[in-house]
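Observations on chain architecture
One-letter residues, chain by chain:
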Amino acid sequence: MTQPADMTYARYLTLDQVLGAQNPLTDQHDEMLFVIIHQAKELWLKQILHEIGYAQTLVRAGDLIPAYKSMARVSRIQSVLTQTWDILATMTPADYLRFRDALGTSSGFQSDQFRRIEAMLGLKDARFLRFHEDRPDAHAALKTAIEAPSLYDDAIHQLAKAGLPVPDAVLTRDVSQPYEAHPEVEAAWLEVYRDTARWWELYQLAEKLVDLDDALITWRHKHVITVERIIGRRPGTGGTEGVAYLAKTLEKRCFPELWSLRTKL
């Protein structure tokens, strides 16, 4: 282990390993941008996983106020990730098509870290496990995230602990399955929103959750626009419908009752 007196910027950040990880498969100028943007995205996703995991620990313990910081940090990171699409959009269709074949069947929708984030926020889909059978650690981490309670499950349990009526069927549900909206959960959140002074901590928790969902939807929307700008309506490299597949994801909501209650306030 390097001693503090011998520590340098490059050693601390292991820059030789980080900066040596960009290995474009062609000699096309724009492939480097494509590689760096996606690698940088994965680093930010790693930090998001770190923050959501910490937020879950706090929320499960009932420490809601300290959890806000990690959740707010995730929202800021999501904003940065959304802005990276503008950088990628400087690459024209002609630029991308010069190296696209080198990608083979690889695709961003195979990102295990992104799927772990979705699972931790309540969007569970075990079908994505098959893409990681060649990477046992990634497969195990995604499987664990799918089988564990999500951040929203934790928030709903806090509603119940506060004395708000939450059905046992929701509290004891199979958390490995995608969360489905429940009218009584919506009613409990409605009570929080109708008396924010009394339920201030839960109200702020709910708004931090909406921030996460909002930022995720915004990221997805910019993704759709950028992909259409670069490849039009071509199929995706991973065999998906491309833009058509991505557009369908815009309908997803991690915390459905926190959206639907707004109509009833």
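Here goes a summary of the coordinates provided. Keep in mind it's a predicted model, so treat the numbers as computed, not measured.

Procedures and definitions
- Residues numbered from 1 in each chain as written.
- Predicted model: local features only at pLDDT ≥ 70, side-chain atom pairs only at ≥ 80, totals over all residues.
- Heavy atoms only, no water.
- Helix = DSSP H or I, 4+ residues; strand = E, 2+ residues; numbered from the N terminus.
- Buried < 20%, exposed > 50% of the residue type's maximum accessible area, 1.4 Å probe, protein only.
- Contact = heavy atoms within 4.5 Å.
- Polar contact = N/O pair within 3.5 Å; in protein donor to acceptor, adjacent residues only side chain to side chain.
- 1 Å grid on protein atoms, 1.4 Å probe; cavity = no way out; pocket = protein on both sides within 12 Å on 5 of 7 lines; lining within 4 Å.
- Points joined across faces, edges and corners; volume = space filled by probe spheres on them.
- Nonpolar A, V, L, I, M, F, W, Y, C, P; charged D, E, K, R; others polar.
- Expected span 1.5 Å × (residues − 1).

1. Side note on the overall build of the chain
When you go through the chain residue by residue, the secondary structure sums to 13 helices and 0 strands. Taken from the N to the C terminus, the helices and strands of the chain come in the order α-α-α-α-α-α-α-α-α-α-α-α-α. Dimensions of the chain along its principal axes, counting C-alpha atoms only, are 60 × 55 × 35 Å. For the chain, the proportion of its 265 residues judged to be buried stands at 44%.

2. Structural notes on the side chain of Arg 115
Inspection of the secondary structure puts Arg 115 in helix α6 (residues 112-121). Not counting residues within four places of it along the chain, the set of residues in contact with Arg 115 comprises Phe 109, Phe 128, Leu 142 and Tyr 245.

3. Side note on the environment of Thr 92
With respect to the helices and strands, Thr 92 occurs in the loop between α4 (64-88) and α5 (93-97). By relative accessible area, which is 35% here, Thr 92 ends up partly exposed. Considering only alpha carbons, one finds Thr 92 and Met 120, 28 residues apart in sequence, at a separation of 35 Å. A distance of 2.9 Å separates a polar atom in the side chain of Thr 92 from a polar atom in the side chain of Asp 95.

4. Section: empty space enclosed by the protein
For the structure on display, the rule yields 3 cavities of 30 Å³ or more. Considering only enclosed or pocket space, the largest cavity measures out at about 110 Å³ in volume. Lining the largest cavity are Leu 45, Ile 48, Val 74, Gln 78, Leu 81, Phe 114, Ile 117, Leu 121, Ala 215, Leu 216 and Trp 219. Tallied by class, residues from the lining of the largest cavity come to 10 nonpolar, 1 polar and no charged. Taken as a whole, the second largest cavity holds about 50 Å³ of empty space. In terms of lining, the second largest cavity is formed by Arg 115, Glu 118, Ala 119, Leu 123, Lys 124, Asp 125, Phe 128, Leu 142 and Ile 146. Looking at the lining of the second largest cavity, the elements with two or more residues in it are α6 and α7 (136-147). Of the residues forming the lining of the second largest cavity, the biggest block, 3 residues, is contributed by α6.

5. Examining helix α10 (residues 183-194)
The first and last C-alpha atoms of α10 sit 16 Å apart over 12 residues, in line with the 16 Å expected at 1.5 Å per residue. Turning to α10, its buried residues number three or more, namely Val 185, Glu 186, Ala 188, Trp 189, Leu 190, Val 192 and Tyr 193.

6. Focus on unusual backbone geometry
One non-glycine residue with positive phi stands out, namely Thr 14, at about 45°. With respect to the helices, strands and loops of the structure, Thr 14 is situated in the loop between α1 (9-12) and α2 (15-19).

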